[in-house]
Amino acid sequence: MKPANLASAGFVLVSLTLLVVAALPFFVQSDYFIAYTINVLQYGVLATAWTLFSGPTRYISLATTAFFGIGAYTVAVLSEALPWAAVLGVAGVIGVVLALIVGLSTLRLSGVHFVIFTFGLAELIRQLVTWYEVNITRVIGRYIFLDITQRQIYWQLLVLLALALFTGWLIKRSRLGLALRVIGEDELVARHLGINTTRAKVMLFVISSTFMTLVGAVMAPRWTYIDPTIVFNPIVSFQVLIMSLLGGVGHLLGPLAGVIPLTALFEVLSARFPNHFSILLGTAFLVIVYLVPNGVVEALCKWLRPRRGEKKLEAPV
Amino acid sequence: MTLLKVQNLRKSFGGLRAVDGLSFQVAQGEVMGLLGPNGSGKTTAMNLISGALRADSGSVLLGADQLVGLPSYKITRLGVARTFQLVRVLGGMTCSENVQAGMAFRRDHSFGQAAQKEALQLLELVGLRHLADTPAGDMTYIDQKRLELARALALKPRLLLLDEWLAGLNPTELQVGIELIRSLRASGLTIILVEHVMDAVRALCDRCVVMLAGAKLAEGPTEQVLSQQDVISAYLGVPYA
């Protein structure tokens, strides 16, 4: 089969799978199933969005939780003032603006500096929100009373996942996608091929971060109470990173291949070993980076492909 | 007609004046050699023209466009393409993709099916047609150099900067390389050649500029410049002059 046919076959397959998942709540009554799948979908969108930017450019971002938390807080502040669609719209706009500011000021950094900055950014925003709540509103923590059911959250996340995958699919076939691959390979060469590297990186960072913000907004009604430590949890950034790496950042569906098993693993770990969760999470990190540095999808492709031109990729960190 | 006009170009790194008031001109269709001992500022001059480094002062005019102060992607789109002294291919991408990357962002960009066809023609030109689907990182050094040239040509440049592109080739490959550059000149391309291989300089360059310690030491027709006393002593030391 030609690659073009293969891609469209994949497109149909993915669309069908999404439709089946969308229909599941009509047939499965179990609330546990819905809750668990929401978790999978949430990380599915986050990891797919993360990979949109970090996969091709190899800029490792730990700011996932910053955007996620901003989305959730937007809902907490505005949910009683505006209709739901408008709240989501505002959250999206805030995500875009914040990503633009962060992108324009940090994407000139490279390698480890960028990683540390994004991690610091998430902490900074958490501290700022805390400071604001303590000093201005004088209450830390907010309640969200919205008439949104688990199933509605499920479908909203599914729509976001479909949009994220479709966006990724479009980008891969566009000049922007090629530009990002060249940037990931060699940024200096990219500039000497006529690529406006800053613009390409900022565009992708904005797209990726907007999805993360929207996930935070959609998830917010699930908790009735939120405070900065809940929604700006740095563990989320690390989990998204490790899920994407396990799945593989070279393929659009790679992150999902990491999200599905790891959500199950983390679910078991946090239920059975709540006190040792961080240690076990760290161990999972190490094992994954050592054993499948390029992700399971890449490893699988390599194993299936006849071995010609053996090539070693360096780990993206 | 003058295509490139460099005037009083300066660049310092701390206390080191790498390029110190360099001026020269390159005519349309000319192949100019930029010579000088190691450390004389040739590569820095190339980096200033291509925008990889920002000049402290001076001017670089390509036709009517001022290049100093522009980011390199804009300079590239104005028609300056280059190769790198230490070869830089996009290792994770195939030969054909490397060349297509050069086509997708130039002024009259081409992308997709049309680009694929054009990429194969360019690979044919540099003798890499049979490796079109090979990852660039798997190729030999020589083939990577050829690929880099094909990628630079994919930009459809008005001015091509070759930074020691012929270095490290064996005598047979050198002849092929010289023929290739000669054919580019015949097609009307303007080229600046930074080179230590004197056979190639003699065979290809109409005119040469010799640099020493960041400044211009000599300029003129190739044979004349290469037999000049101060040029010989700059390269080999005073006793040989």
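Residues numbered from 1 in each chain as written. Chains lettered and ligands numbered in written order. Predicted model: local features only at pLDDT ≥ 70, side-chain atom pairs only at ≥ 80, totals over all residues.

**Examining the overall build of chain B**
Then step 1. For chain B, the count of helices and strands is nine helices and ten strands.
Then step 2. Relative to the globule expectation of 18 Å for 241 residues, the C-alpha radius of gyration of chain B, 18 Å, shows essentially globular dimensions.
Then step 3. Projected onto its principal axes, the C-alpha positions of chain B cover 55 × 40 × 35 Å.
Then step 4. Taken over 241 residues, chain B has a buried fraction of 44%. (Helix = DSSP H or I, 4+ residues; strand = E, 2+ residues; numbered from the N terminus. Rg over C-alpha atoms; globule rule 2.2 N^0.38 Å. Buried ≥ 20, exposed ≤ 12 C-beta atoms within 10 Å, placed from the backbone.)

**A few points about the overall build of chain A**
Then step 1. Along the backbone of chain A there are 14 helices and two strands.
Then step 2. Against the 2.2 N^0.38 benchmark of 20 Å for 317 residues, chain A shows a C-alpha radius of gyration of 20 Å, consistent with a compact globule.
Then step 3. Structurally, chain A occupies a C-alpha span of about 60 × 45 × 40 Å along its principal axes.
Then step 4. The buried share of chain A, taken over its 317 residues, is 41%.
Then step 5. For chain A, the proportion of contacts with a sequence separation of at least 24, taken over those separated by at least 6, is 79%. (Contact = placed C-beta atoms within 7 Å.)

**Some remarks on the confidence of the model for chain B**
Parts of the model with low pLDDT should not have their predicted coordinates read in detail.
Then step 1. When pLDDT is averaged across chain B, the result is 90; 99% of the residues are at 70 or more.
Then step 2. With a pTM of 0.86, the predicted complex shows an ipTM of 0.90. (pLDDT = per-residue confidence, 0-100.)

**Re the sheet that holds strand β3 (residues 31-35) of chain B**
Residues and elements named next belong to chain B.
Then step 1. As summarised here, the arrangement of the six strands in space is β6-β7-β8-β3-β9-β10, forming an open sheet in which the pairing is mixed. The sheet terminates laterally at β6 (80-82) and β10 (215-221), the two strands that pair on one side only. Sheet twist, expressed as the average angle between the axes of neighbouring strands with direction ignored, equals 20°.
Then step 2. Across six bridges, the pairing between strand β9 (residues 207-212) and β10 is antiparallel. Bridged to Val209 within β10 is Glu219.
Then step 3. This element, helix α9 (residues 229-236), spans β9 and β10 of the sheet and lies at about 125° to β10. (Pairing = 2+ DSSP bridges. Axes fitted to C-alpha atoms, helices over the stretch in contact; angles between N-to-C directions.)

**Some details on the interface of chain B and chain A**
Then step 1. Contacts between chain B and chain A engage 23 residues on the former and 18 residues on the latter.
Then step 2. Mapped by element, the contributors of at least two residues to the side of chain B that touches chain A are α2 (72-78) and α3 (95-103) of chain B.
Then step 3. Here the side of chain B that touches chain A takes four residues from α2(B), the largest share from any one element.
Then step 4. For the side of chain B that touches chain A, the class distribution of residues is ten nonpolar, eight polar and five charged. (Nonpolar A, V, L, I, M, F, W, Y, C, P; charged D, E, K, R; others polar.)

**Here's the deal with the packing of helix α6 (residues 150-172) of chain A against helix α9 (residues 197-219) of chain A**
All names here are of chain A.
Then step 1. The N-to-C vectors of α6 and α9 enclose an angle of 175°; their axes lie 10 Å apart at closest approach. On the basis of the axis angle, α6 is roughly antiparallel to α9. Residue-level inspection shows Ile153, Gln156, Leu157, Leu160, Ala164 and Thr167 of α6 in contact with α9, the latter providing Ile207, Phe211, Leu214, Val215, Val218 and Met219.
Then step 2. Partitioning the contact of α6 with α9 into residue classes produces ten nonpolar, two polar and no charged. (Parallel < 35°, antiparallel > 145°, perpendicular 65-115°, else oblique.)

**Description of unusual backbone geometry**
Residue and element names in this part refer to chain B.
Then step 1. The backbone of Lys156 shows a phi angle near 50°, a positive value even though the residue is not glycine.
Then step 2. Position of Lys156 relative to the elements: it lies in the loop between α5 (141-153) and β7 (159-163).
Then step 3. Despite not being glycine, Glu164 has its phi angle at roughly 50°, a positive value.
Then step 4. Note on placement: Glu164 falls in the loop between β7 and α6 (171-186).
Then step 5. By the C-beta count within 10 Å, which is 20 here, Glu164 ends up buried.

**Describing the sheet that holds strand β4 (residues 57-62) of chain B**
Residues and elements named next belong to chain B.
Then step 1. Taken together, the four strands give an open sheet; going across it, the order is β2-β1-β4-β5, and neighbouring strands pair in antiparallel fashion. In the strand order of this sheet, the two ends are held by β2 (16-27) and β5 (65-66), each with one partner.
Then step 2. Direction of pairing for β4 relative to β5: antiparallel, over a ladder of two bridges. Across the sheet, residue Leu61 finds its bridge partner in β5, namely Gln66.
Then step 3. Against the sheet, helix α1 (residues 42-50) makes contact with β1 (2-13), β2 and β4, and its axis sits at roughly 65° relative to β2, the strand it touches most.

**Examining the pairing of β3(B)**
Residue and element names in this part refer to chain B.
Then step 1. For β3, the tally of buried residues reaches five of five residues, placing the bulk of the element in the interior.
Then step 2. Where β3 meets strand β8 (residues 190-194), four bridges bridge the pair, whose relative direction is parallel. Following the sheet pairing, Val31 is matched in β8 by Ile191.
Then step 3. Across four bridges, the pairing between β3 and β9 is parallel. The partner of Leu35 across the bridge, within β9, is Val210.

**Things to note about the confidence of the model for chain A**
Then step 1. The predicted model of chain A averages 87 in pLDDT, with 94% of residues at 70 or higher.
Then step 2. Note that residues 307-317 of chain A has pLDDT below 50 and, in this model, 13 contacts with residues that lie over four places away or in other chains.

**Here we look at the pairing of β8(B)**
Residues and elements named next belong to chain B.
Then step 1. Of all the five residues making up β8, five are buried; the element is thus mostly covered by neighbouring parts of the structure.
Then step 2. By the alternation rule, side chains of β8 split into Thr190, Ile192 and Val194 and Ile191 and Leu193, which are all buried.
Then step 3. In the sheet, β7 pairs with β8 via five bridges, with the strands oriented parallel. For Leu162, the partnering residue across the bridge sits in β8 and is Leu193.
Then step 4. Where the polypeptide runs from β7 across α6 and back to β8, its parallel neighbour, the crossover connection is right-handed. (Right-handed = clockwise from strand over helix to strand, strands pointing away.)

**Regarding α5(B)**
Owing to its 3.6 residues per turn, the α-helix brings residues three or four apart onto one side.
Residue and element names in this part refer to chain B.
Then step 1. Here α5 spans 19 Å end to end across 13 residues, near enough to the 18 Å set by a 1.5 Å rise per residue.
Then step 2. Burial analysis of α5 places ten of its 13 residues in the buried class, the great majority of the element.
Then step 3. Every buried residue of α5 is accounted for by Gln144, Lys145, Arg146, Leu147, Glu148, Leu149, Ala150, Arg151, Ala152 and Leu153. (Expected span 1.5 Å × (residues − 1).)

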